[in-house]
Amino acid sequence: MSQYFQVGDLVLWNPSNTVAQLFARMTEAMVLVAGCPSGVGPDIGRDEYEIDPDAFAAFVDALIARYLSTDHPILTAMLEGYLPAALVMVQRSSRNVPALRRPIPRDNRDVSLNRDGFDPDGDRQRLLNLAESHARAMPH
């Protein structure tokens, strides 16, 4: 069995039930981090999640900006578990993520005292590489 993440008739992703449910729950948890609504509707009972593509793109943009602005290794790792698949879905909806193109200043909310690995350009490339790898593994 599988579930659909879609915009109307456009399927952005069709993962297995477990993966879909985990992604949906991670999306709910990330709303607090992003500070804006996700644009992902609830499962409407037909194994489908309807996506508002503009709201979802803004949500992913906010998360990517947060990812690029921190040097905290745990926050970075947690966001890396979510963002590549989310970025692929944004790309498949023909939306953009401005945070991938603009300079990102350091955000002092989540600073690691144990390391200074602030490298938004390197992190941007790592995220794009992860998304490219995920895109090959994510059926439409």
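Note: the structure precedes this text.
Residues numbered from 1 in each chain as written. Predicted model: local features only at pLDDT ≥ 70, side-chain atom pairs only at ≥ 80, totals over all residues. Heavy atoms only, no water.

### A few points about unusual backbone geometry
Then, number 1: Here Ser-94, not a glycine, exhibits a phi torsion of approximately 60°, which is positive.
Then, number 2: Within the secondary structure, Ser-94 is located in the loop between helix 4 (83-92) and helix 5 (120-137).
Then, number 3: For Ser-94, a relative accessible area of 65% translates into the label exposed. (Helix = DSSP H or I, 4+ residues; strand = E, 2+ residues; numbered from the N terminus. Buried < 20%, exposed > 50% of the residue type's maximum accessible area, 1.4 Å probe, protein only.)

### Regarding the pattern of salt bridges
Then, number 1: The full count for this structure, using the stated rule, is 6 salt bridges.
Then, number 2: Of the charged contacts, one joins Arg-95 and Asp-54 as a salt bridge, the two residues approaching to 2.8 Å between their closest N and O atoms. Of the two residues, Arg-95 is situated in the loop between helix 4 and helix 5 and Asp-54 in helix 2 (residues 53-69); the sequence distance between them amounts to 41 residues.
Then, number 3: Judged by relative accessible area, Arg-95 falls into the partly exposed class, the value being 29%.
Then, number 4: Between Arg-124 and Asp-121 there is a salt bridge, with its nearest N and O atoms 2.7 Å apart. With Arg-124 and Asp-121 both in helix 5 and 3 residues apart, the pair spans about one turn of that helix. (Salt bridge = Lys/Arg side-chain N within 4 Å of Asp/Glu carboxyl O.)

### Focus: the packing of helix 2 against helix 4
Then, number 1: Interaxial distance between helix 2 and helix 4 falls to 10 Å at its minimum, and their mutual angle equals 140°. As judged from the angle between their axes, helix 2 and helix 4 are oblique. Considering the relative orientation of helix 2 and helix 4, their crossing is left-handed. For the pair formed by helix 2 and helix 4, the contact residues are Phe-56, Ala-57, Val-60, Leu-63, Ile-64 and Tyr-67 on the first element and Leu-83, Ala-86, Leu-87, Met-89 and Val-90 on the second. (Axes fitted to C-alpha atoms, helices over the stretch in contact; angles between N-to-C directions. Parallel < 35°, antiparallel > 145°, perpendicular 65-115°, else oblique. Left-handed = near helix turned anticlockwise from the far one by under 90°. Contact = heavy atoms within 4.5 Å.)

### Overview of the sheet that holds strand 4 (residues 48-51)
Within a sheet, each strand pairs with its neighbour through backbone hydrogen bonds, oriented either parallel or antiparallel.
Then, number 1: A sheet is described by the order of its strands in space; here 4 strands give the open sequence 2-1-4-3, paired in mixed fashion. Each edge of the open sheet is held by one strand with a lone partner, namely strand 2 (10-13) and strand 3 (40-43). Averaged over all pairs of adjacent strands, the angle between their axes in this sheet comes to 30°, without regard to strand direction.
Then, number 2: Contacting strand 1 (4-7), strand 2 and strand 4, helix 4 crosses the sheet at an angle of about 160° to strand 2. (Pairing = 2+ DSSP bridges.)

### Examining the pairing of strand 1
Then, number 1: Sheet analysis places strand 1 next to strand 4, joined by 3 bridges and oriented parallel. Looking at strand 4, one finds that Tyr-4 is bridged to Glu-48.
Then, number 2: Strand direction decides the pairing type here: strand 1 and strand 2, joined by 3 bridges, are antiparallel. Counted as the bridge partner of Gln-6 is Val-11 from strand 2.
Then, number 3: Adjacent in sequence and paired antiparallel, strand 1 and strand 2 are bridged by 2 residues, among which Gly-8 carries a positive phi angle near 60°.

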